[in-house]
Amino acid sequence: MLDRDLIDQEFPFLKDVVFLNAALVVIPPLSVQRAYFGFTQEYIANFAEGVIARGWEIVAEARREVAALIGAAPTEIGFVKNTSEGVGILANGFPFSPGDNAVVIDQEHPANLFAWINLQTKGVELRVVPSRDGRVLEEDILARVDDRTRVVAVSAVQFTTGTRVGFSRLGPACQGRGILLAVDGIQAIGRLALDVKKLAIGYLSCGGNKGLLATTGAGFVFCDEAWVRKIVPPFACYQSVRSYVKPPALTSDFSKVDWQDDSRRFEAGNLNYAGIAAIGAGAKLLNRLGIEAIQRHILEMEDLLIEGIRALPLDFRSPLQREFRSGILCVYYPPELENRVQDVLRQHRIYATFRGGYIRLCINFYNTREQIQRTVEAFREIAALVASARKRRS
Ligand SMILES: Cc1ncc(COP(=O)(O)O)c(C=O)c1O
């Protein structure tokens, strides 16, 4: 069971609002806001005394919370700017040889695509798995894998349909063949239970500005300890190496870089301490609520929403079979009715993403049964608008 009192305390500003837009942007709870703003306020009040040491304490705490959220060890977590940067570090740091291949899906978000496309300039073949009516099947991915496949790069939840990708077969199959399963986790982490060890995910990248409840400009990567020494980041810096010593010496060895042998090797320079404080607070709240309970609630609310909208003459863009569902539901509307459809949602104080022909509704743990009913009511009005437009046309 979710702790409703805790959720109400954390999101007082959502009382009269149905926020279904977490697939686009975060709505940070109060504890995250305090952590984010508090970092700067605290160090200004202290005239910056100890600010860097405090920053690294915050990083250590966030590492523990994020690790607990995904079933990893804290040493397997490194902090980066966003999903794209985490993906780029892997694509550029992985020891590919010409003739190797990487496998992606045709629906991928650009954050998990261009770094792989760019690898073709280094002689790495790119294999693109076609989705089927929005569904991404594990067997289709595995059918494209061969002896030269080194990485399978896939989003846990696809951003244009909300399709969840299964890893229960894919992860172990990749692991068994020495292939790195690399996941873009941003549409899943914080909303769905994703245990990286159980699913044999080798690498995961996730920005902080969606399910993690934090902010833009701060995200994390997970790299399994079995893989981390094989990935050489494109930049070396004082946190990413072991050979850094305190000034004035800087290093005891000018002949080579002695990389950290855990995910700190992916971190460079002073980090976004305020952003990472926000991630730490967001992950802490998610851990308190329990990711299994969060996922259960989201999927239950999605059942209700599907049931309500299914009764209407509207079409879903998302696959509705349970195994592909993520709590993100996309529903078509005629693009020429966009303004009027937007008006309906605005009147009901419902926030969702409009994507020129479909609405993306992203359910989260703070959404209640009453809010889902209100959303179904709004869709009843949208269906009436669509029906009368069709009638006029015919
Ligand atoms: C699947 C997916 N990956 C990545 C991103 C964002 O990437 P980044 O964190 O680099 O901005 C989004 C959405 O913004 C997304 O939906």
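Just above, that's the structure.
The shown structure was predicted, so the numbers you read here are calculated from the model rather than taken from an experiment. (Residues numbered from 1 in each chain as written. Predicted model: local features only at pLDDT ≥ 70, side-chain atom pairs only at ≥ 80, totals over all residues.)

J.: Can you help me understand the packing of helix α10 (residues 338-347) against helix α11 (residues 369-393) in this one?
T.: A packed helix pair is summarised by two numbers, namely the angle formed by the two axes and the spacing between the axes. Relative to each other, α10 and α11 sit at 160°, their axes nearing to 9 Å. Between α10 and α11, the angle is such that the two are roughly antiparallel. Of the two elements, α10 crosses α11, and the hand of that crossing is right-handed. Here Arg340, Val341, Val344 and Leu345 of α10 lie close against α11, whose contacting residues are Ala378, Glu381, Ile382 and Leu385. In the contact of α10 with α11, the residues fall into six nonpolar, no polar and two charged. (Axes fitted to C-alpha atoms, helices over the stretch in contact; angles between N-to-C directions. Helix = DSSP H or I, 4+ residues; strand = E, 2+ residues; numbered from the N terminus. Parallel < 35°, antiparallel > 145°, perpendicular 65-115°, else oblique. Left-handed = near helix turned anticlockwise from the far one by under 90°. Contact = placed C-beta atoms within 7 Å. Nonpolar A, V, L, I, M, F, W, Y, C, P; charged D, E, K, R; others polar.)

J.: Explanation requested: the pairing of strand β7 (residues 203-207) in the structure shown.
T.: Each regular strand carries side chains that alternate between the two faces of the sheet. Of all five residues in β7, five are buried; the element is thus mostly enclosed. Of the two faces of β7, the one carrying Tyr203, Ser205 and Gly207 and the one carrying Leu204 and Cys206 are both buried. The pairing of strand β6 (residues 180-184) with β7 spans three bridges and is parallel. By the bridge assignment, valine 183 is partnered in β7 with leucine 204. Looking at chain direction, β7 and strand β8 (residues 219-223) are connected through five bridges and run antiparallel. In the sheet register, glycine 207 faces β8, and the bridge partner there is glycine 219. (Buried ≥ 20, exposed ≤ 12 C-beta atoms within 10 Å, placed from the backbone. Pairing = 2+ DSSP bridges.)

J.: Just checking my understanding: could you explain the site of the ligand for this structure?
T.: Around the ligand sit 13 residues in total, of which Thr83, Ser84, Ala111, Phe159 and Gly207 are the nearest. Looking at the shell around the ligand, its residues break down into three nonpolar, nine polar and one charged. (Near = placed C-beta within 6 Å.)

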